[in-house]
Amino acid sequence: DTIGDGLGGTAVQRDSGYSIRFLAFLAIGYDWIYDYSGFTDALKSEFNTRMNSWIDWYAANGYARNGPAINNYFGGYLMAMGLIGHTTYPDNSRAAEHITNSRNLLDTLVIPSFSGELKGGDSPEGWSYGTGHFVRILNYIQAIKTATGEDIFATFTWPKEVILAQIHLTKPGL
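Keep in mind that this is a model prediction, so the values were computed, not measured. (Residues numbered from 1 in each chain as written. Predicted model: local features only at pLDDT ≥ 70, side-chain atom pairs only at ≥ 80, totals over all residues. Heavy atoms only, no water.)

Right, let's get into the nonpolar core. Core analysis: the biggest nonpolar cluster contains 40 residues, and Ile20, Val110 and Phe114 have the highest contact counts within it. Secondary-structure elements contributing two or more residues to this core are helix H1 (23-32), helix H2 (41-61), helix H3 (72-88), helix H4 (95-115), helix H5 (126-148) and helix H6 (158-170). Sorting elements by how many residues they give to this core places H3 first, with nine residues. Filtering out sequence-adjacent residues up to four positions away, Val110 remains in contact with Ala69, Phe74, Leu78, Leu105, Ile137 and Phe156. (Core = buried A, V, L, I, M, F, W, Y, C linked by side-chain atoms within 4.5 Å. Buried < 20%, exposed > 50% of the residue type's maximum accessible area, 1.4 Å probe, protein only. Helix = DSSP H or I, 4+ residues; strand = E, 2+ residues; numbered from the N terminus. Contact = heavy atoms within 4.5 Å.)

So, on to the pattern of salt bridges. Summed over the entire model, instances satisfying the criterion amount to six salt bridges. In this structure, the salt-bridge partner of Arg103 is Glu150, at a minimum N-O distance of 2.7 Å. Of the two residues, Arg103 sits in helix H4 while Glu150 sits in the loop between H5 and H6, which places them 47 residues apart along the sequence. Take Glu150: its relative accessible area is 35%, and that puts it in the partly exposed class. Lys145 is the partner of Asp151 in a salt bridge, and the nearest nitrogen-oxygen pair spans 3.8 Å. Sharing partners across several salt bridges, the network here consists of Asp56, Arg94 and Glu97. (Salt bridge = Lys/Arg side-chain N within 4 Å of Asp/Glu carboxyl O.)

Right, let's talk about the packing of aromatic side chains for a bit. For the structure shown, the criterion picks out 12 aromatic pairs. Taken together, the aromatic side chains of Tyr18, Phe22, Tyr63 and Tyr73 make up a single cluster linked through ring pairs. One cation-aromatic arrangement involves Arg21 over Tyr73; the distance from NZ or CZ to the ring centre is 5.2 Å. The aromatic ring of Tyr34 is capped on one face by Lys44, whose charged end is 3.5 Å from the ring centroid. (Phe/Tyr/Trp six-rings, centres within 6.5 Å; stacked < 30°, edge-to-face > 60°. Lys NZ or Arg CZ within 6 Å of the ring centre and 35° of its normal.)

Angle between the axes and distance between the axes: these two values describe a pair of packed helices. Where H1 meets H3, the axes come as close as 8 Å, and the angle between the chain directions of the two elements is 15°. One finds that H1 runs roughly parallel with respect to H3. Crossing geometry of H1 relative to H3 is assigned as left-handed. Judged by residue contacts, Leu23, Ala24, Phe25, Ala27, Ile28, Tyr30 and Asp31 of H1 engage Met79, Ala80, Leu83, Ile84, Thr87 and Thr88 from H3. A per-class count over the contact of H1 with H3 returns 10 nonpolar, two polar and one charged. (Axes fitted to C-alpha atoms, helices over the stretch in contact; angles between N-to-C directions. Parallel < 35°, antiparallel > 145°, perpendicular 65-115°, else oblique. Left-handed = near helix turned anticlockwise from the far one by under 90°. Nonpolar A, V, L, I, M, F, W, Y, C, P; charged D, E, K, R; others polar.)

Take it as geometry only, folks, not as evidence of what the structure does.
What follows is the structure, encoded as structure tokens:
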């Protein structure tokens, strides 16, 4: 587990968890290459074990793992856990757990916060962190729709508010 030794390792810790947000893209890659003959059951198992380790580490140690909903670290964790759950199901024995836990965070933290004190679509984290965070939340909601058919966009007004706020913040006269 020495960084740079070329031997790999099992450690997943990295700073306070910034890189968790990038696991969602590994999950998408998992889905894209799922049927490739070189992506063996052994590799899928290794992937799932590593993703579970990352989620476990972040759940215990990651910055803003329990919110607040506006925090960009939290959004990266939410998106990663949700997409890992949906893309690795049913191969990953813990996929359903990740789906349930990420959905619980969406329902108990994100939707109430973004429908209450964060209503309107502007971000207290600003244009860089805020916009990236919003994209992660929107990606997770779209992943739910893609995986299950459930259209959260139909009942949650915040996604439309984000688009209107971004337009207004960019060009107030529109």
